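Here is what each chain is made of, one letter per residue.
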Amino acid sequence: MYDFKKIEEEILEFWKKEKIFEKLQEKNKGKKKWKFIDGPITANNSMGVHHAWGRTYKDLFHRFKAMQGHEMRYQNGFDCQGLWVEREEEKALGLKNKEDIEKFGILNFVEACKKRVEKFSKIQTEQSIKLGYWMNWDNSYYTMSNSNNLHNWFLLKKYFENGWLYKGKDAVPWCWRCGTASSKHDIATEGYKEVKHTALFMQFPLKEKPNEYFLIFTTTPWTVPANVAIAVNKNINYVKIENEGLFYWLAEKRVEEIEGKYKIVEKKKGKELEGIEYIMPYASFTVQKNSPHKVVLWDLASEEEGTGIVHIAPGCGAEDFDLGKKIGLPAISPLNDAGIYDKGYEQFSLKKYSVVNKEVIEDLETRRFIYKTVSYKHRYPHCWRCGEELVFRLVNEWYISCKEIRKKLISGNEKIKWYPEYGKIRQRDWFNNMGDWLISRKRYWGLPLPIWECECGNIEVVGSLEELKEKAVDKKKVETLSEIHRPWIDEIKLKCPKCKKEIERVKDVGDAWLDAGIVPFSTLNYLENKKYWKEWFPADLISENMPGQYRGWFNSLFWASQTLTGKVPFKALFGYETLKDEKGEEMHKSKGNAIWFDDALEKIGADIMRLIYCLQDPSSELRFGFNAAREPKNNLNILYNISKLIGNEKTTNVKSIEDKWILSKLNNLVKLVTEELENLHPHYASRALQNFWLNDLSRSYIQIVRDRIFTEDKAVKFILKEIYLTLIKLCAPFIPFITEKIWQDLKTKKIVKEESIHLSPWPKSDKKKIDKSLEKEFENIFLVLETGLAEREKIKVGLKWPLAKATITSNFSLKKDSLEIISRQLNVKKIKWKSGKEISVVLDEKITPELEAEGYAREVSRKIQAFRKELGLIQTDKVETYLIVDENFKSILEKEKKLLKERTNSSKLEIVTTGKETFKNKTNFNIKDKKGEIVIVISGK
Ligand SMILES: [Zn+2]
Ligand SMILES: [Zn+2]
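Anyway, here's the lowdown on the structure attached to this text. (Residues numbered from 1 in each chain as written. Chains lettered and ligands numbered in written order. Predicted model: local features only at pLDDT ≥ 70, side-chain atom pairs only at ≥ 80, totals over all residues. Heavy atoms only, no water.)

Looking at the zinc ion (ligand 2), the protein donor atoms are Cys454 (SG), Cys456 (SG), Cys496 (SG) and Cys499 (SG), and they sit 2.2 to 2.3 Å from it. Here the zinc ion (ligand 2) is ringed by 4 donor atoms whose angles at the metal span 101 to 117°, and the overall shape comes out tetrahedral. For the zinc ion (ligand 2), all donor residues lie on one chain, and their spacing in sequence is C-x1-C-x39-C-x2-C. With a gap of 45 residues between them, Cys454 in the loop between strand E19 (451-453) and strand E20 (459-461) and Cys499 in the loop between strand E21 (494-495) and strand E22 (502-503) connect regions that are remote in the sequence. For Cys454, a relative accessible area of 5% gives the class buried. (Donors = N, O, S within 2.8 Å, 3.2 Å for Na, K, Ca; no water. Tetrahedral: all angles 85-135°; square planar, octahedral: opposite > 155°, others 65-115°. Helix = DSSP H or I, 4+ residues; strand = E, 2+ residues; numbered from the N terminus. Buried < 20%, exposed > 50% of the residue type's maximum accessible area, 1.4 Å probe, protein only.)

Rendered as structure tokens:
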């Protein structure tokens, strides 16, 4: 068995000691460039097996392109800033919320986040190296660097100059725990969870007719004190029904919500209800003094659920806010940034929204404002970092308008080659439907937004340190600024050019996707060295996990590049889906089903992991577990074991059709693997490779030429070497350790010269050696063999025993050489060919004494050969062989004495019934019911 753990460590040591990766870069220096931009990994925790999946692809494409002889940058990136890192560090420090952080000190907290990034980027580097990932690890980029932040300042200034960067007030999804907005970009895909809430069917009386009610549906009772209006759809039919002496208004389609007997007494279009005033339970609150509390019209009011009459609170919902803006409703936003009710709401003031939620239900119940309550299951937005339920509140945030850029993003996307192809459509959908980009976060560890805002209304956006110095009140402070982060940057005050007042920076940091989006510029020194940037921009490829990135990295890359250059930053995008556990469930630390990279490396090793990843169809979820490792492990063993057959035969004439066939298959394989990798189909490439070594080589060719291997046939030895060396070169980018190990073994035997397999060039396909009609011939041979071998199973005569005849019927004919292969493989003396519609094989089951003798003789010669091997003898060593058997067996074997002598390389072979017992090299054997002893006398030694 191939000991992956020992060998992978040994190979890592070899690469390091001999500087193989450095030699590879040196070799390709100045050659045609292949450009890759790395999507940064969040340096937040140790790697999981899902990280290793993505990193395997990146390494695979790099190694492939390196063997083809391209110069590359090999730059890995670490994502360092933002709520992801903050959240993990808060947990580590035991800080519960922003108040705790401020008590701990922003400086201390920022330093702690930085330390975390330093620690985990080191760990991830070590882990990646163990995966076999070749990168210039000393040259990794960090998104927290001054350069990255300053490139983003430059970009934000461009947005501002274009008139796209603006401060907007909106009801936004807000995490009360994290104390920051969660943009729609954030929650679009993974921010929703299915939860149960208490939903209310409220009854609000009409002001003029107190025994008539509007029935209003809401799932967020805590927002009711902020209600300013109710909405109906002008096109929907509403009815007034009588129910136990009272009258209720609701959509005709929703009358099923009425309890008990009822009767429809009036019918009206929504439009006719417009302007009717109602009694709002909290109208006496001071904050409510400007609210109309009447029916308004709204196209989004739907009769699909609830009552068709909608509670409107523009300070507590994004759509409500839009409506309010359009028709001039006040927006009441009761929550502060920690989710606590502000003053001005009487009994609810200074209470958390979840408490208010309960109290509102109780209060409305007592005051008879509730018709009924139901338990309501729905998908509700949650903070995608900490998992808490989001609320909506009215805040000032910074946005980038998508109005002008949208079209350019869409047309840019069309120019890109995507694999899987559906990614392009999803990206287009995102661009079509996205809103303005909310980029500000009221947090600490992140890109400090370069925005200074004055009371007079003037806004200064700073695009560089030079500009900052120019505008700063205290220029010294800019000169000594240690880094572009909070809290240092907050110290810098500007002088307002309009009113001359001193102004402070807005406290916000940027959305972390800005950090990753700028890397095609920051990592290529866009601001410092345009010439260098031009050489390496745009990338030929980027490769990343898809589900989160349409609105994440892909999105921010497109925005940055389109704005700065009007071009797309990469030509092709390779994406892959999600990694799940063996049962198809999402891996989570908290669930206990997550597999850490270190555990997987310990249990199955890097190559097996890599093979699993490469074989996976990237467009479907990968179910990863240790059971799935058994088969690839076995397959790698087969690949490894073939290496033991490889000898150093220089050159020879190829005559046999099986040799020509395997060479044809090999040259096809080279062509296919090259094309599939160029087309970003690593799964097709790796499957073709595995199929070749398992089926074409191991199960077919080696089986067919077994006897020739046995007799050290020169052509076979030469071809096996040729095939195998090409095969492992093709495999090298996928499974770099085992192929290097094999290479080093062959180097020791002087079969190969190149220092490392990874320094050898990518194989080229020889068109002249591809013979499609021969391949077709062999497909037919294998069809016959399959049928014939199945027939052998049926008659229960082992393949070792020769049979007199096989009668084969088929609808095709085969060449004479092909029939010989069949006769050898089926171990039959004669083949009779008949033409017919279906393939069938009929075997002559009769075993004559001659056939039996031959069978025994072949078996005995195998035993002798095995014993020779055990004694350490090689092919050319001549020996005397004695067989000690009983009289009956002796008489059988005597008939095949010549065959026995030839097949065992014996200078003398004798079959005896007694004597020779005193010899040293002796072994017992059994064949069916016969037994005996083999004695070998080594002559000339
Ligand atoms: Zn949160
Ligand atoms: Zn001013």
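A few words now on the pairing of strand E33 (residues 922-927). Here 6 bridges tie E33 to strand E34 (residues 930-938), and the two strands are oriented antiparallel to one another. Residue pairing for E34: Lys922 is matched across the bridge by Val935. Taken together, E33 and the strand that follows it, E34, pair antiparallel across an intervening segment of 2 residues, in which Lys928 is found at a positive phi of about 50°. (Pairing = 2+ DSSP bridges.)

Every protein donor of the zinc ion (ligand 1) is accounted for by Cys175 (SG), Cys178 (SG), Cys383 (SG) and Cys386 (SG), and the metal-donor separations fall at 2.3 to 2.4 Å. Viewed at the metal, the 4 donor atoms of the zinc ion (ligand 1) are separated by angles of 103 to 117°, and the geometry they form is tetrahedral. As a motif over one chain, the donors of the zinc ion (ligand 1) read C-x2-C-x204-C-x2-C. Of this pair, Cys178 sits in the loop between strand E4 (165-175) and strand E5 (180-181) while Cys386 is found in the loop between strand E14 (370-381) and strand E15 (391-400), placing the two residues 208 residues apart along the sequence. Of the two residues examined, Cys178 and Cys386, each falls in the buried class.

One pass over the structure, following the stated rule, counts 55 aromatic pairs. Aromatic side chains Phe558 and Phe570 sit 5.6 Å apart centroid to centroid with 70° between the ring planes, which places their arrangement in the edge-to-face category. In this pair, Phe558 is assigned in helix H18 (residues 553-565) and Phe570 in the loop between H18 and strand E25 (572-576), connecting sequence segments 12 residues apart. Its relative accessible area of 1% is what places Phe570 among the buried residues. Taken together, the aromatic side chains of Trp53, Tyr57, Phe61, Tyr419, Phe574 and Tyr576 make up a single cluster linked through ring pairs. Looking at Lys240, its charged tip hangs above the ring of Phe247, at a distance of 5.4 Å from the centre. (Phe/Tyr/Trp six-rings, centres within 6.5 Å; stacked < 30°, edge-to-face > 60°. Lys NZ or Arg CZ within 6 Å of the ring centre and 35° of its normal.)

The next thing to look at is the sheet that holds E15. Read across the open sheet, the 4 strands follow the order E5-E4-E15-E17; overall the sheet is antiparallel. Taken across any chain shown, the strands that pair with only one partner, and hence form the sheet edges, are E5 and strand E17 (437-438). The sheet contact formed by E4 and E5 spans 2 bridges and is antiparallel. What sits directly across from Trp174, in E5, is Ala181. Sitting on the sheet, helix H9 (residues 318-327) touches E4 and E15, and the angle it makes with E4 is about 140°. (Contact = heavy atoms within 4.5 Å. Axes fitted to C-alpha atoms, helices over the stretch in contact; angles between N-to-C directions.)

Moving on, we come to unusual backbone geometry. Look at the link from Arg486 to Pro487: it is a cis peptide, with omega at 0°. Counting through the fold element by element, Pro487 comes out in the loop between helix H14 (475-479) and E21. Of note, the amide linkage connecting Phe537 to Pro538 takes the cis form, showing an omega dihedral of -5°. If you check the backbone angles, Glu346 has positive phi at about 45° while not being a glycine. With phi around 60°, Arg368 is a residue other than glycine that occupies positive phi space. Relative to the helices and strands, Arg368 resides in the loop between helix H10 (353-366) and E14.

Before going further, it helps to spend a moment on the pattern of salt bridges. According to the stated counting rule, one finds 73 salt bridges in the structure shown. Of the charged contacts in the structure, one is a salt bridge between Arg903 and Asp707, with a shortest N-O distance of 3.8 Å. Of this pair, Arg903 sits in helix H31 (residues 897-903) while Asp707 sits in helix H24 (residues 706-710), and the two are 196 residues apart along the sequence. You can call Asp707 partly exposed: its relative accessible area is 38%. (Salt bridge = Lys/Arg side-chain N within 4 Å of Asp/Glu carboxyl O.)

What follows concerns the environment of Asp598. Tracing the backbone through its elements, the reader meets Asp598 in helix H19 (residues 597-604). With 215 residues separating them in the primary sequence, Asp598 and Ser813 have C-alpha atoms 56 Å apart. Engagement of the side chain of Asp598 in a polar contact is seen with the side chain of Gln127, the distance being 3.0 Å. (Polar contact = N/O pair within 3.5 Å; in protein donor to acceptor, adjacent residues only side chain to side chain.)

Before going further, it helps to spend a moment on the nonpolar core. Soluble globular proteins: nonpolar side chains tend toward being buried together. In terms of nonpolar packing, the biggest core is built from 156 residues, with Phe624, Leu697 and Leu727 touching the most fellow members. For this core, the leading source of residues is helix H25 (residues 714-731), giving 11 residues. Core analysis: the next-biggest nonpolar cluster, separate from the first, contains 73 residues, Tyr159, Trp398, Trp533 and Trp536 among them. (Core = buried A, V, L, I, M, F, W, Y, C linked by side-chain atoms within 4.5 Å.)

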